[in-house]
Amino acid sequence: MKLILTFTLIVLSFGMFAQMTKREQQVLDEINLVRTNPKAYIQYIDSFLEYWDSDSGERATAEELKRELKKMTPLPALVFSPDLYKSSKKHGEYILKTKKFAHSDCDCGENIQYGNSEIRYAVIDLLIDNGVSDRGHRKNILNPNYKYFAVYELLEVAGDMEFVFVQQFDY
């Protein structure tokens, strides 16, 4: 009986640990790719612009990003944070429940991206940050002070939002 109880507690405790899905891990890998090798990442931006047949505004913003990446010193890779994952998931569940696209009140950097099923294009969309005057999404991804990261992908459609990723960054 003790053995069964011990085994049950071990299995339950593993279930309490936050763990990203394969696609969520791919988001982290993609962000780390641009952080650790910014100059080499420029090639993917041009592919994005061609695929989406971007307008002149988005192309101009992408050129701004490419200039920034050319000058950038490589950054350390971000490390997965179980606490940020729980926070991202909680906020993702709030978005699903309310069908409202809103940032959380966490004391961390946060990006919310939707509309791109392709992981690389979802990250590039945030990096280009067209239409966002302060380039806040880009600043979060390329912030040299951030060390920890998690992302939660909503597996359901939230209103008219599909392929939603809630990303959180911290020191």
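Residues numbered from 1 in each chain as written. Predicted model: local features only at pLDDT ≥ 70, side-chain atom pairs only at ≥ 80, totals over all residues. Heavy atoms only, no water.

**Notes on the side chain of Asn140**
The residue Asn140 is located in helix H7 (residues 136-142) in this model. Among the polar contacts listed, one links the side chain of Asn140 to the side chain of Asn111, at a separation of 2.9 Å. Not counting the four nearest positions on each side in its chain, Asn140 is found in contact with Gly109, Glu110, Asn111, Tyr146 and Phe169. (Helix = DSSP H or I, 4+ residues; strand = E, 2+ residues; numbered from the N terminus. Polar contact = N/O pair within 3.5 Å; in protein donor to acceptor, adjacent residues only side chain to side chain. Contact = heavy atoms within 4.5 Å.)

**Re the pairing of strand E3 (residues 148-153)**
A large share of E3 lies buried, amounting to five of its six residues. Here strand E1 (residues 79-80) runs beside E3; their pairing, made up of two bridges, is parallel. Following the sheet pairing, Phe80 is matched in E3 by Phe149. In this sheet, strand E4 (residues 165-170) lies alongside E3 in antiparallel orientation, the contact comprising six bridges. Bridge pairing in E4 places Phe149 opposite Phe169. (Buried < 20%, exposed > 50% of the residue type's maximum accessible area, 1.4 Å probe, protein only. Pairing = 2+ DSSP bridges.)

**Some words on the state of the cysteines**
Evaluation of the coordinates by the stated rule reveals one disulfide. Note that Cys106 is cross-linked by a disulfide to Cys108, the S-S spacing being 2.2 Å. Residues Cys106 and Cys108 are joined through a disulfide that is left-handed, its torsion about the S-S bond being -80 degrees. Judged by relative accessible area, Cys106 falls into the partly exposed class, the value being 22%. (Disulfide = S-S within 2.5 Å.)

**A look at the environment of Gly92**
Structurally, Gly92 can be placed in helix H5 (residues 82-98). The class for Gly92 is buried, based on a relative accessible area of 0%. Residues Gly92 and Phe165, spaced 73 residues apart in sequence, show a C-alpha to C-alpha distance of 8.0 Å. Sequence-distant contacts of Gly92, defined by excluding residues within four places in its chain, comprise Tyr152, Leu154 and Val166.

**Digging into the confidence of the model for the protein**
Residues with a pLDDT of 70 or more make up 87% of the protein, whose mean pLDDT is 87. The low-confidence segment residues 1-16 (pLDDT under 50) makes one contact with residues lying over four places distant or belonging to another chain. (pLDDT = per-residue confidence, 0-100.)

**Quick notes on the side chain of Glu110**
Checked against the element boundaries, Glu110 lands in strand E2 (residues 109-113). Summary of buried charges: Glu110 has no salt-bridge partner, and the nearest side chain of opposite charge, Lys90, is 11 Å away. Of note is the side chain of Glu110, whose polar atom sits 2.8 Å from the side chain of Gln168. Sequence-distant contacts of Glu110, defined by excluding residues within four places in its chain, comprise His91, His103, Ser104, Asn140, Val166, Gln167, Gln168 and Phe169. (Lys, Arg positive; Asp, Glu negative; His and termini not counted. Salt bridge = Lys/Arg side-chain N within 4 Å of Asp/Glu carboxyl O.)

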